[in-house]
Amino acid sequence: MMIDKALIARDNAARAETLKRDYDTLGERLDRQGIAIDAIKAKVAAYGVAIPSWGVGTGGTRFARFPGAGEPRHIFDKLEDCAVIQQLTRATPNVSLHIPWDKADPTELKAKAETLGLGFDAMNSNTFQDQDGQGRSYKFGSLTHTDAGTRRQAIEHNLECIEIGKTLGSKALTIWIGDGSNFPGQVNFTRQFERYLEATKEIYAGLPDDWRLFTEHKMYEPAFYSTVVQDWGTNYMIARELGDKAFCLVDLGHHAPNVNIEMIVSRLIQFGKLGGFHFNDSKYGDDDLDTASIDPYRLFLVFNELVDAEIRQAPGFDPAHMLDQSHNVTDPIESLIVSAMEVGRAYAQALIVDRTALTGFQEDNDALMATTTLKTAFRTDVEPILAMTRLESGGAIAPVASYRAAGYRQKVAEIRPAVSGAGGGIV
Ligand SMILES: [Mn+2]
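Residues numbered from 1 in each chain as written. Predicted model: local features only at pLDDT ≥ 70, side-chain atom pairs only at ≥ 80, totals over all residues.

Let's talk about unusual backbone geometry
A cis amide bond, omega 15°, links isoleucine 99 with the succeeding residue proline 100. Counting through the fold element by element, proline 100 comes out in the loop between strand E2 (94-96) and helix H4 (106-116). With an omega dihedral of 10°, the bond running from glutamate 221 to proline 222 counts as a cis peptide bond. Mapped onto the elements, proline 222 comes out in the loop between strand E7 (212-216) and strand E8 (226-227). Here asparagine 258, not a glycine, exhibits a phi torsion of approximately 70°, which is positive. Positive phi is not limited to glycine here, since asparagine 365 has a value of about 55°. By secondary structure assignment, the location of asparagine 365 is in the loop between helix H11 (355-363) and helix H12 (367-379). Look at asparagine 365 and you get exposed, because 7 C-beta atoms sit within 10 Å. (Helix = DSSP H or I, 4+ residues; strand = E, 2+ residues; numbered from the N terminus. Buried ≥ 20, exposed ≤ 12 C-beta atoms within 10 Å, placed from the backbone.)

Focus: the packing of helix H6 (residues 189-205) against helix H7 (residues 232-242)
Geometry of a packed helix pair, given as the angle between the helix axes and the separation of the axes. For the pair H6 and H7, the least separation of the axes is 10 Å and the interaxial angle reads 50°. Considered as vectors, H6 and H7 are oriented oblique to each other. Once H6 is placed against H7, the crossing between them reads as right-handed. Between H6, through Leu197, Thr200, Lys201 and Tyr204, and H7, the contact on the second element is made entirely by Ile238, Glu241 and Leu242. (Axes fitted to C-alpha atoms, helices over the stretch in contact; angles between N-to-C directions. Parallel < 35°, antiparallel > 145°, perpendicular 65-115°, else oblique. Left-handed = near helix turned anticlockwise from the far one by under 90°. Contact = placed C-beta atoms within 7 Å.)

Looking at the environment of phenylalanine 189
By secondary structure assignment, the location of phenylalanine 189 is in helix H6. With 11 C-beta atoms counted inside 10 Å, the residue phenylalanine 189 sits in the exposed group. With 39 residues separating them in the primary sequence, phenylalanine 189 and valine 228 have C-alpha atoms 7.8 Å apart.

With respect to the sheet that holds E2
Reading across the sheet, the three strands line up as E1-E2-E3 and stay open at both edges, with parallel pairing between neighbours. Looking at strand neighbours, the two that pair on one side only are strand E1 (51-52) and strand E3 (119-120), the edges of this open sheet. Relative to E2, E1 is paired through two bridges, and the arrangement is parallel. In the strand pairing of E2, isoleucine 51 is matched with valine 95. (Pairing = 2+ DSSP bridges.)

Given below as structure tokens:
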């Protein structure tokens, strides 16, 4: 059910000549700035962002979910959709699974992924909702629950995620919990956080040596008065308490409005605790909108910090990159294609920042020229670099156009029955 290679080749052939001219023109321009376009292209080609398995299904809000046609029925369908995104963009080689939503025989999962040319990124546990047949409820918390048996159940679930991940070849576990409180006085903040650390230490102890543990902070929701892991400060404390394999995961939508996320990223890098990202965008809260759909400059500024760390080879710097979005009104495959390209664009733009000039302006306290240096890179249309990377690696010059021309969604809609009903997808 993948996209016909001949169709991609035909689409590319119609666009290749224009692309070549645009690429050469951009190459000349960058050359005048002392930047070799091929070197940038090589870095972009080596870059990848993981797709969350839940991202290929249509999301929803607290009010409703409007299913789309041909939605994946199970994890094997989801993997096929992920493979389409990878085939067209060549920028999404790995999938991040969510347990128990994606629970299946791990050996079968691995075989299917290999057939599709996909690998597995971080495993994601779920103790923010109750599953059928589950012994104890997470209504009042999971890893921080006042009841030891409930905490035990949540710990065991995370350990199971590690076990599944070992078979799949994953190297990380991401924990996000919804634990918190809805009323002042409902919980004792200190005791609750003590229970969190105690439980998480047990999970950490179950990590293989070559694995990493990512804890994800989020300011609020589903708890609306207090959240246990509410911000990067608490997250940093957790990573410090747990040990060298513990890192902080930054979901762009999990902060208060107007928080300087790029500065948080810089701080976590400086102290060796940046684990990775969940990329998305937001206007008001944890909106899970498509990456760079609202504020592409912010994404660029985050990547500016990442490239700065990459160039100075910051110790232990190896963040995992993943998309985490909820697609309510678009075809999820199209949204993920565009978002993967947006992340690559921000990376390419950050790579062409004149860092020697920037450092000079910073040393001279020339605020205007320093910020102009960043803007110059951000304003550069690097699309020819991204498109050439895709063309040379067997992807599509215009992925969404090729995807639509292939009629993939209509084809899968014929074999995947329409689904109804609810189902989450906002993590
Ligand atoms: Mn997330």
